[in-house]
Amino acid sequence: MYTEINNKMEASEAYFSKIIKENKSTIFTVCYMFSNDKEEVNDLFQNILINIWQGLSKFEGRSNMKTWIYRISLNSCISASRKKKRDDTIPLSMDIDLFDKSNDESNKQIELLHKRISKLQPFDRAIVLLWLENMPYEEIGQIIGISTRNVTVRMFRIREQLKNMSIE
Amino acid sequence: MEENNIQELEEMRQQLNILQEKLDQQDIVNEKLLKSSMKSKMSWIVKYIIGEVIAIPILAIMLSGIYVMFNLPFYSYIYILLICVADIYMDYRINISSMRPADYEKNNLMQTVKKLIKMKKMRSYQTLFGFLLTCIWLFWLGYDMCHLTGVPNTELYNGLVHGCTIGMGIGGVIGLVIAYFIYKKMQSTNDEIIKIIEAIDDLKDNKEN
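Not measured: the values here are computed from a predicted model.

Thresholds applied
- Residues numbered from 1 in each chain as written.
- Chains lettered and ligands numbered in written order.
- Predicted model: local features only at pLDDT ≥ 70, side-chain atom pairs only at ≥ 80, totals over all residues.
- Heavy atoms only, no water.
- Helix = DSSP H or I, 4+ residues; strand = E, 2+ residues; numbered from the N terminus.
- Buried < 20%, exposed > 50% of the residue type's maximum accessible area, 1.4 Å probe, protein only.
- Contact = heavy atoms within 4.5 Å.
- Areas by Shrake-Rupley, 256 points an atom, 1.4 Å probe, with all protein chains shown as cover.
- Expected span 1.5 Å × (residues − 1).
- Polar contact = N/O pair within 3.5 Å; in protein donor to acceptor, adjacent residues only side chain to side chain.
- Patch = residues over 30% accessible without salt bridge, like charges linked within 9 Å, V, L, I, M, F, W, Y side chains within 5 Å.
- Salt bridge = Lys/Arg side-chain N within 4 Å of Asp/Glu carboxyl O.
- pLDDT = per-residue confidence, 0-100.
- Core = buried A, V, L, I, M, F, W, Y, C linked by side-chain atoms within 4.5 Å.
- Bend = angle between axes of the 7 residues up to and from the residue.

(A) Just the overall build of chain B, in detail. Along chain B, the regular secondary structure elements total six helices and zero strands. If you list the helices and strands of chain B from N to C, you get α-α-α-α-α-α. Within chain B, buried positions represent 39% of all 209 residues. Within chain B, counting contacts between residues at least 6 apart in sequence, those at least 24 apart form 79% of the total. For chain B, the exposed surface amounts to about 12300 Å²; the carbon and sulfur share of it is 65%.

Structure (structure tokens):
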């Protein structure tokens, strides 16, 4: 019996690692768009991993894994509060700092994206991120928990906001 | 104008692609981070036990005040304090000292599962004994309160005795109910860990099929 459970534990750990490694960029992108510094990204990232691990037993496979990961990541970031900062955050394994100002053209583009998105309300950030991922309005609504019509209205407002940003 | 705006969104989409290309080249996650996330499920229990340790001296001071005020025999006071200390020690033994960080390493996982099962069993015994011993104390205290000696037979004192007896009775029952819910939550934490393992295993099987 113990050998069987042991095998299951090893399989579950391996599966969790696999899910995270496959979706690391998605999770990081969400954290990055909801943060103002590197520490905040680390903090959010770890929180999301915990929520994914704890929620795996409830994942019923009705939606695909990426949609589910997006839902957990966005919900975690929207409800995150700096007051609840973890004191045992483990640094991410990265050799680039996206908050570091550099002359590199690609970094400038990323910075511009971050600047635009961070000017939006958290809820609108989530919507625009999913839209940028080419998700249909219906799926965006399912992830965020609002109707398709509401997504359409919000997207219209987001367009207006972006338009005003470019005028500024 | 609308076209210009869509163009902006398209620009943002390209920027997002640049970001994700960069991120794909990074490791981002590491073993330590993954392990830490998996361990987090039990962390609230550690905080709860620290809270218990802090609460005991406060409880001891408050109770001693009541015992002195009503000139109660201190036997039942010592008895309940011993139960509280023993309970915290058992909480520590069952929930903290039995699980070491190394238990979460892959080589020790079999041992970890054995410990999780044993933990649940030990916690059941602890709760059962704790409940019975606390009930004995409540009755003992109730008896002592009904047979007070050496206190002034004034209206004020009689009122205080009645108030305290009722208050302690209600407090005791509320305490037992809270303890029962904490016990249930601890047990369900263990169950959830086992459920997660089974669910992931099922997911893995479905994916392979």
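(B) Representation of the overall build of chain A in the model. Assigned secondary structure in chain A consists of seven helices and zero strands. The helix and strand sequence of chain A, counted from the amino end, reads α-α-α-α-α-α-α. Looking at chain A as a whole, 51% of its 168 residues qualify as buried. For chain A, the proportion of contacts with a sequence separation of at least 24, taken over those separated by at least 6, is 66%.

(C) Representation of helix α3 (residues 65-79) of chain A within the structure. All names here are of chain A. Between its first and last C-alpha atoms α3 spans 21 Å; for 15 residues at 1.5 Å apiece the expected length is 21 Å, and the two agree. Along α3, the residues that are buried comprise Met-65, Thr-67, Trp-68, Ile-69, Tyr-70, Ile-72, Ser-73, Leu-74, Ser-76 and Cys-77. The N-cap of α3, judged by a side-chain oxygen 3.0 Å from the amide nitrogen of Lys-66 a few residues on, is Asn-64.

(D) Examining unusual backbone geometry more closely. In the Ramachandran plot, Asn134(A) falls in the positive-phi region, its phi being about 70° despite a non-glycine side chain. For Asn134(A), the location among the structural elements is in the loop between α5 (122-132) and α6 (137-144). By relative accessible area, which is 54% here, Asn134(A) ends up exposed. Positioned with a positive phi, Asn71(B) is a non-glycine residue whose angle comes to about 55°. Mapped onto the fold, Asn71(B) is located in the loop between α3 (43-69) and α4 (75-97).

(E) Representation of a nonpolar patch on the surface in the model. On the surface, Tyr75(B), Met122(B), Tyr125(B), Phe129(B), Leu133(B), Ile136(B) and Trp140(B) cluster together into a nonpolar patch covering about 720 Å² of accessible area. Sort the elements by how many residues they give to the nonpolar patch and helix α5 (residues 109-146) of chain B lands first, with six residues.

(F) Up close: the environment of Asp144(B). Residue and element names in this part refer to chain B. Tracing the sequence through the fold places Asp-144 in helix α5. Asp-144 sits 73 residues away from Asn-71 along the chain, and the two C-alpha atoms are 9.8 Å apart. Among residues more than four places away in sequence, those in contact with Asp-144 are Leu-72, Pro-73 and Ser-76.

(G) Representation of the pattern of salt bridges in the model. Applying the stated criterion to the full structure yields seven salt bridges over all chains. In this structure, the salt-bridge partner of Arg116(A) is Glu11(B), at a minimum N-O distance of 3.2 Å. Placement of Arg116(A) in helix α4 (residues 105-118) and of Glu11(B) in helix α1 (residues 2-24) is noted, with the two residues assigned to different chains. Using a relative accessible area of 14% as the deciding quantity, one classes Arg116(A) as buried.

(H) Spatial organisation of the confidence of the model for chain B. Residues and elements named next belong to chain B. The predicted model of chain B averages 78 in pLDDT, with 78% of residues at 70 or higher. Confidence, read as mean pLDDT per element, is least for helix α6 (residues 155-208) in chain B (73) and greatest for α4 (88). Interface confidence for the predicted complex, expressed as ipTM, amounts to 0.85; the pTM equals 0.61.

(I) Quick peek at the nonpolar core. Residues and elements named next belong to chain A. Grouped together as the largest cluster of nonpolar side chains are 61 residues, with contacts concentrated most on Ile-27, Phe-28, Phe-34, Phe-45, Ile-52 and Leu-74. Tallying contributions element by element places helix α1 (residues 2-33) first for this core, with ten residues. Sequence-distant contacts of Leu-74, that is, excluding residues within four places in its chain, are made with Val-30, Phe-34, Ala-126, Leu-129, Leu-130, Ile-143 and Ile-144.

(J) A look at α3(B). Residue and element names in this part refer to chain B. End to end, α3 covers 40 Å across 27 residues, agreeing with the expected 39 Å (1.5 Å per residue, within 8%). Along α3, the helix axis deviates most sharply at Ala-55, where the bend reaches about 30°; the proline Pro-57 sits within four residues downstream. The complete set of buried residues in α3 reads Ile-45, Ile-49, Glu-52, Ile-56, Ala-60, Leu-63 and Tyr-67.

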